[in-house]
Amino acid sequence: MIRLIFKQLWNQRKMNTWIFLEIVIAGVFLWYTVDTAFVTEAVKLIPNGYEEEGMYQVELDGYRPNHKLFDKEVMNKEHRIETLQRMMVQVRTLPEVQSFYLASRATHPNNTSWSGGQFFPDTLSMAEHKYQHAQWYEVYDGEGSDFLQTMGLKDAQTGEELSMMKEEQIPNRCYISEDFAKNMFGIVNPIHQKVYENRQTVYTVKGVFERVKTIEFKLPYALIVKCTQDMLINSPMLVVRLKKGVDGEQFAARFMKEVAPTMKGSNLYVADVKSMASLRNEYGKITNVYNRQRLQYALIGFTLLCIFLGMVGTFSIRTNARRQEIGLMRSLGASMLTIVKQFFCESWLLVTAGFILSLICLANLLVMGNGMTQPQGGYETSSNASYWMFEEVPHFLTVTVLTYVLLLAISWIGTYIPVQKAVKVLPADALRDE
């Protein structure tokens, strides 16, 4: 059968040449299309590292000097600290709240503000400029504020949920992500190690948590959570985690109606209560991520449609042109399965040969600088935050296999439909014009 198939391909080489060239061109375009979609979807599949469900931000705002409720008599540090302490007590004692933390406004996932810096394992590294760059969060360490439990972070070694309440409370303690720990300390146990932000600011590592995607649409980046016992009075916010089974929408409505009016002082007031899911959606809209993704998928869909219609049409024409041959095979006793298998095998050989040539063209394009799509985030700047699907060889092979399967499926669809119709025609009718 294989010899017969090769003979048929050679006899129809003029028509097959055009199909072959179409496969080569379609293979290149489809590979880049699949590559873009693969990276976008692969990033989505990476775990966030924190529990988004049940997390709500209590957004605090302040009256401006030109506001009628502004009180300049309470614009001092003591009044602000007293107000925040009272607010924390109110939040902590709510029956729906499991845990909470106090921090500056930018200290929650999917925030449009981003803070990062250089961190060193010792003073010698500072002199040699050997540092780990990381994103940092600064959280208040006291009076029940528990960033780890509220975020739902888990220990990188044991997988158990972490809590700042379980650890010894010491000045300037910190918690670091596992990629930060590997880059900073290698195989050395990071617990109780020192992290230098500068010569005056030193933190003691009290725990290591699993990687965190602080931005939903990007890879995890090395993260350090700096704990401070100084009240964060500038642009403060509260984040709460609700107990299991609590309806978030009902909680937010009750909070704004009953609790928020009592949480005022030092020109601070509760502006809104938002879920982490809504903040993620806001980030996607503000940064135009959703629009870019919609445009991206629209282009991907259009490309796939064009390739599908072009290849299906070409293979259909090729198959229809051989209706008499199919009728002859049927008259000689060939079954429908035998005929379909032969045409599928021919399509497979054409697609495989054309795709190999398209890979040669792709290799040249990639080497010339038009490289593979890379995800945003910590991949390039945080070496241990990489994932197998974004390493060059696995990335290329995965996209190549997906592209090949798509091309083959399209060619088989374009072959099967007309073959099935031709097989149903009586041999006498198919051979009428023979």
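Before going into details, it helps to say that this report is about the structure given with it. (Residues numbered from 1 in each chain as written. Predicted model: local features only at pLDDT ≥ 70, side-chain atom pairs only at ≥ 80, totals over all residues. Heavy atoms only, no water.)

### Focus: the overall build of the chain
Moving on, step 1. Counting its regular elements, the chain contains 13 helices and ten strands.
Moving on, step 2. A compact globule built from 434 residues should have a C-alpha radius of gyration of about 22 Å, whereas the chain, at 31 Å, is more than 25% larger.
Moving on, step 3. Looking at the chain as a whole, 48% of its 434 residues qualify as buried.
Moving on, step 4. Excluding contacts between residues fewer than 6 apart, the proportion of contacts in the chain whose partners are at least 24 apart in sequence is 80%.
Moving on, step 5. As displayed, the chain has an accessible area near 22,200 Å², and 57% of this comes from carbon and sulfur atoms.
Moving on, step 6. Positive and negative side-chain charges of the chain, numbering 44 and 43 respectively, have mean locations separated by a distance of 8 Å. (Helix = DSSP H or I, 4+ residues; strand = E, 2+ residues; numbered from the N terminus. Rg over C-alpha atoms; globule rule 2.2 N^0.38 Å. Buried < 20%, exposed > 50% of the residue type's maximum accessible area, 1.4 Å probe, protein only. Contact = heavy atoms within 4.5 Å. Areas by Shrake-Rupley, 256 points an atom, 1.4 Å probe, with all protein chains shown as cover. Lys, Arg positive; Asp, Glu negative; His and termini not counted. Charge placed at Lys NZ, Arg CZ, Asp CG, Glu CD.)

### Regarding unusual backbone geometry
Moving on, step 1. A positive phi is found at asparagine 110, a non-glycine position, where the angle reads about 60°.
Moving on, step 2. Note that asparagine 110 resides in the loop between strand E2 (97–104) and strand E3 (116–119).
Moving on, step 3. On the basis of relative accessibility, which here comes to 4%, the residue asparagine 110 falls in the buried class.
Moving on, step 4. Phi is positive for serine 266, which is not a glycine, with a value near 55°.

### Here's the deal with the nonpolar core
Burial of nonpolar side chains together is a common tendency in soluble globular proteins.
Moving on, step 1. Membership of the largest hydrophobic core comes to 49 residues, with the highest contact counts inside it found for Phe147, Phe209, Leu238, Val240 and Phe255.
Moving on, step 2. In contact with phenylalanine 209, other than residues within four places in its own chain, are Leu148, Leu153, Lys154, Ala156, Leu162, Tyr175, Ile176, Ser177, Glu178, Leu223 and Val225. (Core = buried A, V, L, I, M, F, W, Y, C linked by side-chain atoms within 4.5 Å.)

### Observations concerning the pattern of salt bridges
Two side chains of opposite charge can pair, provided their charged atoms sit close to one another.
Moving on, step 1. Evaluation of the coordinates by the stated rule reveals ten salt bridges.
Moving on, step 2. A salt bridge links arginine 280 to glutamate 52; its shortest N-O distance comes to 2.8 Å. With arginine 280 in helix H8 (residues 276–286) and glutamate 52 in the loop between helix H2 (13–45) and strand E1 (55–62), this pair connects stretches of sequence that are 228 residues apart.
Moving on, step 3. For arginine 280, a relative accessible area of 19% puts it in the buried group.
Moving on, step 4. Residues joined in a network through salt bridges with shared partners are Glu59, Lys274 and Glu282. (Salt bridge = Lys/Arg side-chain N within 4 Å of Asp/Glu carboxyl O.)

### Some points on the packing of helix H10 (residues 323–331) against helix H11 (residues 336–367)
The packing of two helices is summarised by the inter-axis angle and the distance between the axes.
Moving on, step 1. At their nearest, the axes of H10 and H11 sit 10 Å apart, and the two run at 140° to each other. In terms of axis orientation, H10 runs oblique to H11. In the packing of H10 onto H11, the handedness of the crossing is right-handed. Of the residues in H11, those in contact with Glu325, Ile326, Met329 and Arg330 of H10 are Met336, Ile339, Gln342 and Phe343.
Moving on, step 2. Within the contact of H10 with H11, the residues separate by chemical class into five nonpolar, one polar and two charged. (Axes fitted to C-alpha atoms, helices over the stretch in contact; angles between N-to-C directions. Parallel < 35°, antiparallel > 145°, perpendicular 65-115°, else oblique. Left-handed = near helix turned anticlockwise from the far one by under 90°. Nonpolar A, V, L, I, M, F, W, Y, C, P; charged D, E, K, R; others polar.)

### Overview of the side chain of serine 177
Moving on, step 1. Along the chain, serine 177 turns up in strand E5 (residues 173–177).
Moving on, step 2. The contacts of serine 177, once residues within four sequence positions are left out, are Val208, Phe209, Tyr221, Ala222 and Leu223.

### Section: helix H6 (residues 178–185)
Moving on, step 1. Burial runs high along H6: six of the eight residues are buried.
Moving on, step 2. Restricting attention to buried positions, one finds in H6 the residues Glu178, Asp179, Phe180, Ala181, Met184 and Phe185.
Moving on, step 3. The inward-facing, buried residues of H6 contact E3, strand E4 (132–140), E5, strand E6 (194–196), strand E7 (202–209) and strand E8 (223–228).
Moving on, step 4. Just downstream of H6 lies glycine 186, where phi reads positive at about 65°.

### Remarks on the pairing of E4
Moving on, step 1. Note: E3 against E4, four bridges, orientation antiparallel. Among the inter-strand pairings, glycine 116 is bridged to a residue of E4, identified as glutamine 135. (Pairing = 2+ DSSP bridges.)

### Concerning the environment of glutamine 374
Moving on, step 1. By the secondary structure assignment, glutamine 374 is in the loop between H11 and helix H12 (392–424).
Moving on, step 2. Once the C-alpha coordinates of glutamine 374 and threonine 36 are considered, the two residues, 338 residues apart in sequence, prove to be 8.7 Å apart.

### Overview of the packing of aromatic side chains
Moving on, step 1. All told, the structure shown has 15 aromatic pairs when counted by the stated rule.
Moving on, step 2. Both rings, one in tryptophan 31 and one in tyrosine 32, keep their centres 5.5 Å apart while their planes meet at 85°; by these two values the pair is edge-to-face. The pair tryptophan 31 / tyrosine 32 is uniform in exposure class, with both members buried.
Moving on, step 3. An aromatic cluster is defined as three or more aromatic residues linked by ring pairs; in this entry it consists of Trp31, Tyr32 and Phe396.
Moving on, step 4. Across the ring face of tyrosine 387, the terminal group of arginine 211 is positioned such that the distance to the ring centre comes to 5.2 Å.
Moving on, step 5. One Lys or Arg, lysine 226, reaches over the ring of tryptophan 136 and ends 3.8 Å from the middle of that ring. (Phe/Tyr/Trp six-rings, centres within 6.5 Å; stacked < 30°, edge-to-face > 60°. Lys NZ or Arg CZ within 6 Å of the ring centre and 35° of its normal.)

### Brief notes about the side chain of serine 145
Moving on, step 1. Mapping serine 145 onto the fold places it in the loop between E4 and helix H5 (147–151).
Moving on, step 2. Overall, serine 145 belongs to the buried group, its relative accessible area being 0%.
Moving on, step 3. Ignoring anything within four residues of it in the chain, the contact list for serine 145 reads Phe100, Tyr101, Leu102, Tyr140, Met164 and Met165.

### Concerning a nonpolar patch on the surface
Moving on, step 1. On the surface, Met336, Ile413, Tyr416 and Ile417 cluster together to form a nonpolar patch covering roughly 310 Å² of accessible area.
Moving on, step 2. Top contributing element to the nonpolar patch by residue count: H12, with three residues.
Moving on, step 3. Structurally, the position occupied by methionine 336 is in helix H11. (Patch = residues over 30% accessible without salt bridge, like charges linked within 9 Å, V, L, I, M, F, W, Y side chains within 5 Å.)

### Considering the environment of valine 240
Moving on, step 1. Along the chain, the position of valine 240 falls in strand E9 (residues 236–242).
Moving on, step 2. Ignoring anything within four residues of it in the chain, the contact list for valine 240 reads Gly54, Met55, Tyr56, Val58, Val91, Val97, Ser99, Phe100, Thr150 and Phe251.

### Details of the environment of valine 246
Moving on, step 1. Looking at the secondary structure, you find valine 246 in the loop between E9 and helix H7 (248–259).
Moving on, step 2. Separated by 103 residues in the primary sequence, valine 246 and leucine 349 have C-alpha atoms spaced 59 Å apart.
Moving on, step 3. Ignoring sequence-local partners within four residues, the contact set of valine 246 consists of Glu96 and Phe251.

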